[in-house]
Every structure is written in structure tokens, then in C-alpha cells.
Amino acid sequence: MKYLAVFTLTPILCFAFQDLGSKHGGLDWLTYGYAAWPMMIGPVLMLLLFIRNRELIRDPRRGANFSQVIKMVSFLYLIPNLFAALGYTWLAWISVLSILTIFAADRQLKKQPRA
């Protein structure tokens, strides 16, 4: 859960720092790309975390809502990444596909019996 929190909060803090730094600090080098790239990298790291901890999905007693939290956070990143994929760069489609993979794999893992 600590890694999930880091992957979730880092892009949000980058956006806040970019907004404050470019408006009030006069830091012109802080572009939207500075904040957009962590937003696109976050879901890919969440997918790796999901794959690494897939046993927590199969056994909800051990996972303690891991499945619900990762799906909720992934959904929150889906909308900005769709906008980034349509208007910023085609590389954001990798993040969108990572999010959709989390949704599909979660459903499949819950259907499988525990080993």
C-alpha cells in the first residue's frame, strides 16, 4: 500500500508544484510535460505492482481491500491519461492500456480459485 500511495501522490504533487511554480514563482522551465510524464508513468508502475501482488487479489483476507483501492486509483488516472493520449502524446496510450489491463486482470483473478 505504501508503493501505491507513492505512485498515486507523486504525479499530483508534480502538478501542484508545476502550477504554483509557473504562476507565482516565475519558473518558466516548469512545463506541463514536467507534470504529465509522472501522470503517464504512474499507471504503468501500478500495473507492475498489481502483477507483483496478484495473490492479494485472489485472497481478500490477506489483501485488505487492495483490489478496490488499485481499481479506484486506476480509474482516477484513466480520464487524464485519455486526454493526454488524445492531445499530448501517443505514449499516453501505454498508460491507458495499463489501466484497462488492471481492470481486466482483476476480474479474471477474482474468478480463479485460490491455489
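Figured I'd write up the structure that's included with this text. These numbers were taken from a predicted model, which means no experiment stands behind them.

Definitions and cut-offs
- Residues numbered from 1 in each chain as written.
- Predicted model: local features only at pLDDT ≥ 70, side-chain atom pairs only at ≥ 80, totals over all residues.
- Heavy atoms only, no water.
- Salt bridge = Lys/Arg side-chain N within 4 Å of Asp/Glu carboxyl O.
- Helix = DSSP H or I, 4+ residues; strand = E, 2+ residues; numbered from the N terminus.
- Buried < 20%, exposed > 50% of the residue type's maximum accessible area, 1.4 Å probe, protein only.
- Core = buried A, V, L, I, M, F, W, Y, C linked by side-chain atoms within 4.5 Å.
- Contact = heavy atoms within 4.5 Å.

## Overview of the pattern of salt bridges
Taken as a whole and assessed by the stated rule, the structure comprises 2 salt bridges. Note that Asp106 is salt-bridged to Lys71, the shortest N-O span being 3.2 Å. Taken together, the positions of Asp106 in helix H6 (residues 92-111) and Lys71 in helix H5 (residues 66-87) put the pair 35 residues apart, joining distant regions of the chain. For Asp106, a relative accessible area of 2% translates into the label buried. Its salt-bridge partner being Asp106, residue Lys110 comes within 3.6 Å of it at the nearest N-O pair. Of this pair, Lys110 and Asp106 are both found in helix H6, 4 residues apart, which corresponds to roughly one turn of the helix.

## As for the nonpolar core
Core analysis: the biggest nonpolar cluster contains 17 residues, and Met46, Phe50, Ile70, Tyr77 and Ile102 have the highest contact counts within it. Looking at this core, the elements that each hand over two or more residues are helix H1 (2-23), helix H2 (32-52), H5 and H6. The contacts of Met46, once residues within four sequence positions are left out, are Leu4, Phe7, Thr8, Ile70, Val73, Ser74, Tyr77 and Ile102. Of all hydrophobic cores here, the second largest spans 5 residues; its members include Ala36, Met40, Ala84 and Ala92.

Worth remembering: the numbers are spatial, not functional.
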